[in-house]
Amino acid sequence: MCIQKYLYQTTILTFVLGLGACTVGPNFHKDHMQIPEQWTEKVWKRPATAQEIAQAANDMRRWWEQFHDPLLNQLVEKAIANNYDLKIAGQRILAAQSLRDQQSSNWYPQLDGSAGYGYQTTSYTLSNTMHQNGNANNTVVRRYGATFSWQLDAFGRIRRMVQSQEEAVKASIEDRRSVLLTMLSQLANNYVTLRNMQLRLRIADENVAIAQYVYNLTQKQYQEGTGTTLSTAQAQAELEAQRASREPLKTSITQITHAIDVLLGQAPGTTEALLKEEKPLPDLPPYPPSIPSIALANRPDVRMAEHQYAEATANIGIAVSELYPQFTIDMSAMPTTSFTSQMANIASLVSSSFINMSIPGLHGGRLSAQVKQAQAQAEASRLQYRQTILNALKEIEDVIAAWGDDAEHVELLHRSKLSSQLALSRAQKLYKAGLTGYLDVLTAQRTATNAANAEAIAILERFQDAVNLFTALGAGWQGVDLTKTELPVTLEQQNIWAKAIKQ
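Residues numbered from 1 in each chain as written. Predicted model: local features only at pLDDT ≥ 70, side-chain atom pairs only at ≥ 80, totals over all residues. Heavy atoms only, no water.

An unreviewed UniProt entry annotates the chain as Efflux transporter outer membrane subunit of Commensalibacter oyaizuii. If you open the UniProt record of the chain and go to Sequence similarities (unreviewed entry), you find "Belongs to the outer membrane factor (OMF) (TC 1.B.17) family." In the Subcellular location (unreviewed entry) part of its UniProt record, the chain is described as follows: "Cell membrane". (UniProt positions renumbered as here; feature names shortened; annotations may be inferred.)

Right under this line is the structure:
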């Protein structure tokens, strides 16, 4: 009888394990979207060679070093080590990994132990072993034991849950890379803006010196009887206006240093003295040639959208598995006795073993509705992946267009500045010689001031174009080792049944 029981349970178990080779639901396949082979906007006059593209990709791994500014390099390294947004994103990766490990634990048997000691009182009316004094029988009870359960992954439900969470882990990694790129972009933009503001402050100081020179000239001419009080008043007003223009720049410089400190993970003002030390603008990096396929492969937002699509696809399998039976093995052993010496006695053992099968019944369409919901969410994730690609292509094309247009813009403004400075110099000489009025000097002075500021702003835009292009191309995270996030073994190795069946 015992042999028949054993053979019966073994047959059922073998059948259930055979079902482990069946994983319901669709497998993930990458969505292939047609993308252009080259960028529509052109900066280079000829297509870049494969060698030039490879060299540019290598240079962009640490693109901030192409500005040739040692202080900027130091700030970047400090921000990577201390930025709190990066640290928060790193903790999200660890949380996602823990959820994945929780799901994968369902592949393994669950074993728990128990022990107890106490008193048991037998009913007075039902007990057959009464004391002679008529009291109920009191017994000291000692027990210990273990419970064992094993959920068999008959239709791949656990496997799909692990796949889903593994894709969530990969998405969280890409999210941290996106945070890194955003932080690098903000830091580099703030730094070049700081240096540009210092340039504009120096221009403002030069304009104050020019205004002071003109004011002194008008006063001298007035004292000599060749000038007027109107010219003197206008010159003084222009001098005060130029002095006033310095204050917003000084405020902006201070605020930018505070923003940089926060990106470095420290209190505002910590590096203010160091950053406020005036230094020249960094070098402008050369244009990095690239092609759409490489750029999209590097962008963390595109990579994250693809992992989210894969996660949603695995969720379909989870929903489909709810339509199929689920199998578990449950076993327990609990020796119970009133004497310690009998704890190891087989006669004291109370045990049970079951192979349980849970079959879905009537649920009013809830289970099939869950499958439709998962399918719709997966399709939405696929469409979102495509939309992310289009947004990425647009962003890169826009920045490439700005790169070329802003370069020409700076060149034209530089010529305008030189011409306006020449006109101001001539107006000052003519005014000093009494051959023109002060209005011509004032007009030339304001034109020269505006031209110098416009060129400085355009130069800043050129630097911002460089930072934005590197960011849009998904460059910068490749050279930074963030967190080890790989599974210690593969999914097949963790799923003992899948491994056994394949062998």
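*Asks:* Would you mind showing me how to read the overall build of the chain here?
*Replies:* Looking only at helices and strands, the chain has 14 helices and four strands in total. Within the chain, the fraction of its 503 residues that count as buried is 41%. Long-range contacts, defined as pairs at least 24 residues apart, comprise 84% of the intrachain contacts of the chain with a sequence gap of at least 6. Of the roughly 27,400 Å² of accessible surface on the chain, 55% is carried by carbon and sulfur atoms. (Helix = DSSP H or I, 4+ residues; strand = E, 2+ residues; numbered from the N terminus. Buried < 20%, exposed > 50% of the residue type's maximum accessible area, 1.4 Å probe, protein only. Contact = heavy atoms within 4.5 Å. Areas by Shrake-Rupley, 256 points an atom, 1.4 Å probe, with all protein chains shown as cover.)

*Asks:* Explain empty space enclosed by the protein here, please?
*Replies:* Vacant regions in the atomic arrangement are exposed by a probe of water-molecule size rolled over the atoms. The full count for this structure, using the stated rule, is one cavity of 30 Å³ or more. In this structure, the largest cavity encloses a volume near 70 Å³. Elements with a contribution of two residues or more to the lining of the largest cavity: strand S2 (138–152), helix H5 (157–223) and strand S3 (326–337). Residue composition of the lining of the largest cavity, by class: seven nonpolar, three polar and two charged. (1 Å grid on protein atoms, 1.4 Å probe; cavity = no way out; pocket = protein on both sides within 12 Å on 5 of 7 lines; lining within 4 Å. Points joined across faces, edges and corners; volume = space filled by probe spheres on them. Nonpolar A, V, L, I, M, F, W, Y, C, P; charged D, E, K, R; others polar.)

*Asks:* In this structure, what is going on with the packing of helix H6 (residues 229–244) against helix H12 (residues 438–472)? I would like to understand it.
*Replies:* Helix packing for two helices is described by the angle between their axes and how far apart those axes are. Two numbers describe how H6 lies on H12: the axes approach to 10 Å, and their chain directions differ by 10°. Accordingly, the angle class assigned to the pair H6 and H12 is roughly parallel. Between H6 and H12, the contacting residues are Ser231, Gln234, Ala235, Glu238 and Gln242 on the first element and Tyr438, Leu442, Gln445, Arg446 and Thr449 on the second. Across the contact of H6 with H12, the residue classes tally to three nonpolar, five polar and two charged. (Axes fitted to C-alpha atoms, helices over the stretch in contact; angles between N-to-C directions. Parallel < 35°, antiparallel > 145°, perpendicular 65-115°, else oblique.)

*Asks:* Teacher, can you tell me more about the pattern of salt bridges here?
*Replies:* If the charged atoms of two oppositely charged side chains come close together, the side chains can form a pair. What the rule picks out here adds up to 23 salt bridges. Close ionic contact of Glu77 with Arg62 constitutes a salt bridge, the shortest N to O distance being 2.2 Å. Residue Glu77 is found in helix H3 (residues 70–82), and its partner Arg62 is found in the loop between helix H2 (50–59) and H3; the two are separated by 15 residues along the sequence. A salt bridge links Asp205 to Arg246, with the nearest nitrogen and oxygen atoms 2.4 Å apart. Taken as a pair, Asp205 in helix H5 and Arg246 in helix H7 (residues 246–263) lie far apart in primary sequence, 41 residues in all. If you follow the salt bridges from partner to partner, you end up with Asp31, Glu379, Arg382 and Arg386 in one network. (Salt bridge = Lys/Arg side-chain N within 4 Å of Asp/Glu carboxyl O.)

*Asks:* What is the right way to read H12 from this model?
*Replies:* One full turn of an α-helix is made of 3.6 residues, so residues set three or four places apart face in the same direction. For H12, which comprises 35 residues, the first-to-last C-alpha distance of 50 Å matches the rise-based estimate of 51 Å (1.5 Å per residue) to within 8%. Once H12 ends, the next one or two residues include Gly474, with phi positive near 75°. (Expected span 1.5 Å × (residues − 1).)

*Asks:* Help me understand the packing of H5 against helix H11 (residues 366–432) in this model?
*Replies:* At a minimum axis distance of 11 Å, the contact between H5 and H11 shows a crossing angle of 15°. The angle between H5 and H11 places the two elements in the roughly parallel class. You can see that H5 and H11 cross each other, and the crossing is left-handed. Facing H5, whose interface residues are Ile210, Tyr213, Val214, Leu217, Thr218 and Gln221, H11 presents Leu424, Gln428, Tyr431 and Lys432. Each residue belonging to the contact of H5 with H11 can be placed in one class, and the counts come to six nonpolar, three polar and one charged. (Left-handed = near helix turned anticlockwise from the far one by under 90°.)

*Asks:* Just to check I follow, could you spell out the packing of aromatic side chains for this structure?
*Replies:* Two aromatic rings, taken as a pair, are described by how far apart their centres are and by the angle between their planes. This model, assessed by the stated rule, comprises nine aromatic pairs. Seen from their ring centres, Trp63 and Phe67 are 6.3 Å apart, and the 65° between their planes marks the pair as edge-to-face. Residue classification places Phe67 among the buried residues on the basis of a relative accessible area of 0%. Ring plane angle 25° and centroid distance 6.3 Å describe the contact between Phe67 and Phe463, whose orientation is recorded as stacked. Of this pair, Phe67 sits in the loop between H2 and H3 while Phe463 sits in helix H12; the two residues are 396 residues apart in sequence, bridging distant segments of the chain. Residues Phe67 and Phe463 agree in their burial class; the two are buried. (Phe/Tyr/Trp six-rings, centres within 6.5 Å; stacked < 30°, edge-to-face > 60°.)

*Asks:* What's the story with H6 in this structure? I'm lost.
*Replies:* With 16 residues, H6 extends 22 Å from end C-alpha to end C-alpha; this agrees with the ideal 22 Å at 1.5 Å per step. Among all positions of H6, only Ser231, Thr232, Ala235, Glu238, Leu239 and Gln242 are buried. Seen end-on, H6 carries its buried residues on one side only, within an arc spanning 130°. Counted as exposed and oriented over 90 degrees from the buried face of H6: Thr229 and Leu230. (Arc of directions from axis to C-beta.)

*Asks:* Explanation requested: the side chain of Asp153 in the structure shown.
*Replies:* Note on placement: Asp153 falls in the loop between S2 and H5. Buried charge without a partner: Asp153 forms no salt bridge, and the closest opposite charge is Arg159, 6.7 Å away. Separated by 3.3 Å, the side chain of Asp153 and the backbone nitrogen of Gly156 make a polar contact. One polar contact links the side chain of Asp153 to the main-chain amide nitrogen of Ile158, over a distance of 2.9 Å. (Lys, Arg positive; Asp, Glu negative; His and termini not counted. Polar contact = N/O pair within 3.5 Å; in protein donor to acceptor, adjacent residues only side chain to side chain.)

*Asks:* Help me out: how do you make sense of unusual backbone geometry in this one?
*Replies:* Its identity as a non-glycine residue notwithstanding, His68 has a phi of 55°, on the positive side. Position of His68 among the secondary structure elements: in the loop between H2 and H3.

*Asks:* Would you explain the environment of Val214 in this entry?
*Replies:* Along the chain, Val214 falls in helix H5. The class of Val214 is buried, set by a relative accessible area of 1%. Spatially, the C-alpha atoms of Val214 and Leu442 are 9.0 Å apart, while their sequence positions differ by 228 residues. Setting aside chain neighbours within four positions, we find Val214 in contact with Ala235, Gln428, Tyr438, Val441 and Gln445.

*Asks:* What exactly am I supposed to notice about the environment of Leu274 here?
*Replies:* Tracing the sequence through the fold places Leu274 in helix H8 (residues 272–276). Distance from Leu274 to Thr257, taken between C-alpha atoms, is 9.3 Å for residues 17 residues apart in sequence.

*Asks:* Would you mind going over the confidence of the model for the chain with me for this structure?
*Replies:* Detailed reading of the predicted model is not advised wherever pLDDT is low. Across the chain, the average pLDDT comes to 84, with 84% of residues at or above 70. The model gives residues 129–136 a pLDDT under 50, and that stretch makes 10 contacts with residues more than four places away or in other chains. In the model, residues 484–489 has pLDDT below 50 throughout and makes 13 contacts with residues more than four positions away in sequence or in other chains. (pLDDT = per-residue confidence, 0-100.)

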